[in-house]
Amino acid sequence: MDKFIIEGGKSLYGSVAIQSAKNAVLPLLAASILTDEQVKIHKCPRIRDVMNMVQILNELGCKTTYDGEDLIIDSADAACHEIPSALAKELRSSVFMLGSVISRFSRARIAYPGGCDIGLRPIDLHLKGLKRLGVQIDEEGGYINCSCDRIVGAEVLLDCPSVGATENIILAAVKGKGTTIVKNAAREPEISDLQNFLNAMGAKVYGCGTPTVVVEGVSRLHGAEYTPIPDRIEAGTFLIAAAMCGGEIEVCNADAENIASLLHKLREISCKVWAKDDKIYIRSKDKPLSPNLVETQPYPGFPTDLQAQMTALSCVAEGSTLIVENLFETRFKHVPELIKMGADITVRGRSALVRGVNNLHGADVVASDLRGGAALTLAGLAAEGNTTVTDLSYIDRGYFGFEYKLRDLGAKIKRIHI
Ligand code: EPZ
């Protein structure tokens, strides 16, 4: 198990390059099995979730190779329709494979998916959507068995705008018979990225980024090369780090439009934030003001994946902040660890009241999910004294070289193996 050792109190200066979006790459990998021709994903980050998804593709019979930063996938010989349970349990996005595996093999078998422990994370909307497309689904012994001779287009109304369910239904429908309409679809930028990739493969998908997505089934898809969008959550994590620690940083390969809700908040708390081309700049010279209210919503509202980081920022802000987590039931596991560092936080259900303190102090804290781990790291950077953050396996799911990028900005942070 690895841990970070952080010496807090350093301001951040310099430039940081953002990786391709984890939550865009994962559905693109699922989509790669929809063709028997070669697919190339440029700048594919070697983060744990991607490597686990690549392993799933390998288990299905795909050939995957890295050519520098580019991942090449050849699924001509893919023949297995069963997603290995150990990998399925490791990775929430394994469930996205259902739609594409059924489309390719007319059947699929998967154990209930895992992922970060941030809530119940049901998949009822995925399964209801697939059933609407004609998929027979049996659940027994923790496994989901799906079969369908031919996907038939239908109208699917999602009870809530689930990112994964929207993506799974699109993946199942692209080679189906007729047209599928997904209503109350999620609007996250990563879904638009999936649409662009699928259409580059010859699919006919329209409307991603709006609440209504239309998929006109086609008979086959061909290979394609594609560069995923930048990781808006990684970009937001570094911007929040600078707001907490003070300094001035340039975030390169970032799309300001995709995190407009965060930039608005950062301006509200007295940071100077501006964007030019694919760069976002932030200057923070004073203690941040309280954000007052941070309420997570589906896109384009404030992203739940930046909630933990904003909770850490609120700990060192002037004044009190109400954090409301509307997407997941238990996404406050970073709070007890922040309290060990001197934070003043009261949690009631899905709300946390954070009273800003003069300084956090260093402590030995433990990460229990991806974005909570990132938040604890940011708190250590801003705290007085030394902090250790243990169990970096969560952070490594979504951030490649996190400590190196922070060190290049002037942070005192190193990773040790224990
Ligand atoms: C995706 O998860 C992201 N993961 C998550 O990022 C992100 O937090 C989430 O979307 C919300 O934006 C990937 O893209 C791999 P949802 P997903 O289905 O698809 C409920 C990170 O840190 N729901 O949009 O699992 C669910 O309980 C990760 O990068 C159902 O009720 O999220 C939740 O309350 C964490 N039934 C809400 O919808 C379902 O069948 C949003 O979940 C599916 C979801």
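Quick notes on the rules
- Residues numbered from 1 in each chain as written.
- Predicted model: local features only at pLDDT ≥ 70, side-chain atom pairs only at ≥ 80, totals over all residues.
- Heavy atoms only, no water.
- Near = heavy atom within 4 Å.
- Polar contact = N/O pair within 3.5 Å; in protein donor to acceptor, adjacent residues only side chain to side chain.
- Helix = DSSP H or I, 4+ residues; strand = E, 2+ residues; numbered from the N terminus.
- Nonpolar A, V, L, I, M, F, W, Y, C, P; charged D, E, K, R; others polar.
- Domains from an automatic or database assignment.
- Expected span 1.5 Å × (residues − 1).
- Buried < 20%, exposed > 50% of the residue type's maximum accessible area, 1.4 Å probe, protein only.
- Core = buried A, V, L, I, M, F, W, Y, C linked by side-chain atoms within 4.5 Å.
- Contact = heavy atoms within 4.5 Å.
- Pairing = 2+ DSSP bridges.
- Buried area = accessible area lost by both parts, 1.4 Å probe.
- Salt bridge = Lys/Arg side-chain N within 4 Å of Asp/Glu carboxyl O.
- Axes fitted to C-alpha atoms, helices over the stretch in contact; angles between N-to-C directions.
- Parallel < 35°, antiparallel > 145°, perpendicular 65-115°, else oblique.

## Let's talk about the site of the ligand
The local shell around the ligand holds 24 residues, among which Asp124, Leu125, Ser162, Asp305 and Leu327 are the closest. Measuring from an oxygen atom of the ligand, one finds a backbone N or O atom of Val163 at 2.8 Å. Those elements that place two or more of their residues in the shell around the ligand are helix 1 (22-31), helix 5 (124-132), helix 6 (163-173) and helix 12 (370-382). Of the residues in the shell around the ligand, the class split is 11 nonpolar, 5 polar and 8 charged. Viewed by domain, the shell around the ligand spans two of them, domain 1 (2-19 + 230-417) and domain 2 (22-226), each represented by three or more residues.

## Focus: helix 2 (residues 48-59)
The periodicity of an α-helix, 3.6 residues per turn, causes residues three or four positions apart to be oriented the same way. Across its 12 residues, helix 2 extends 16 Å between first and last C-alpha, which sits within 8% of the 16 Å expected from 1.5 Å per residue. Among the residues of helix 2, those classed as buried are Asp49, Val50, Asn52, Met53, Val54, Ile56 and Leu57. Backbone geometry just downstream of helix 2 places Gly61 in the positive-phi region, at approximately 105°.

## Re the nonpolar core
Ranked by internal contacts, the top residues of the largest apolar core, which has 75 residues, are Leu29, Met97, Ile170, Val174, Phe197, Leu198 and Val205. Residues contacting Ile170, with those up to four places away along its chain left out, are Ile191, Leu198, Val205, Cys208, Val213 and Val215. Membership of the second largest hydrophobic core comes to 70 residues, among which are Ile18, Ala367, Leu378 and Ile413.

## Observations concerning the pairing of strand 8 (residues 136-140)
If a strand is regular, its side chains alternate between the two faces of the sheet. With 5 bridges connecting them, strand 8 and strand 9 (residues 143-147) associate as antiparallel partners. Counterpart to Asp138 in the pairing with strand 9 is Asn145. Counting the residues in the hairpin turn of strand 8 and strand 9 gives 2 residues, including Gly141, whose phi is positive at 55°.

## So, the environment of Glu155
For Glu155, the location among the structural elements is in strand 10 (residues 155-157). Judged by relative accessible area, which is 39%, Glu155 ranks as partly exposed. Measuring from C-alpha to C-alpha, the distance between Glu155 and Val182 comes to 6.0 Å, with 27 residues separating the pair along the chain. Other than its neighbours up to four places away in sequence, Glu155 contacts Arg132, Ile181 and Lys183.

## Describing the domain arrangement of the protein chain
Here the protein chain is described as being made up of domain 1 (2-19 + 230-417) and domain 2 (22-226). Across the interface of domain 1 and domain 2, roughly 2000 Å² is buried in total on both sides, 53% from carbon and sulfur atoms. Joining domain 1 to domain 2, the criterion identifies 2 salt bridges. Here domain 1 is connected to domain 2 by 7 residue pairs in polar contact (both at pLDDT 80 or more). If one sorts the elements of the side of domain 1 that touches domain 2 by residue count, helix 13 (residues 395-398) sits on top with 3 residues. Broken down by class, the residue content of the side of domain 1 that touches domain 2 amounts to 8 nonpolar, 5 polar and 10 charged.

## Quick notes on the pairing of strand 16 (residues 272-276)
Relative to strand 17 (residues 279-284), strand 16 is paired through 5 bridges, and the arrangement is antiparallel. Along strand 17, the bridge assignment pairs Lys276 with Lys279. What sits between strand 16 and strand 17 in their antiparallel hairpin is a turn of 2 residues, with Asp277 showing a positive phi close to 55°.

## Quick word on the packing of helix 8 (residues 232-245) against helix 9 (residues 260-268)
Contact geometry for helix 8 and helix 9: axes closest at 11 Å, N-to-C directions at 5°. Classed by the angle they form, the pair helix 8 and helix 9 counts as roughly parallel. Counted together, Gly236, Leu239, Ile240 and Ala243 of helix 8 and Leu262, Leu263 and Leu266 of helix 9 form the full contact between these two elements. Taken together, the residues that form the contact of helix 8 with helix 9 break down as 6 nonpolar, 1 polar and no charged.

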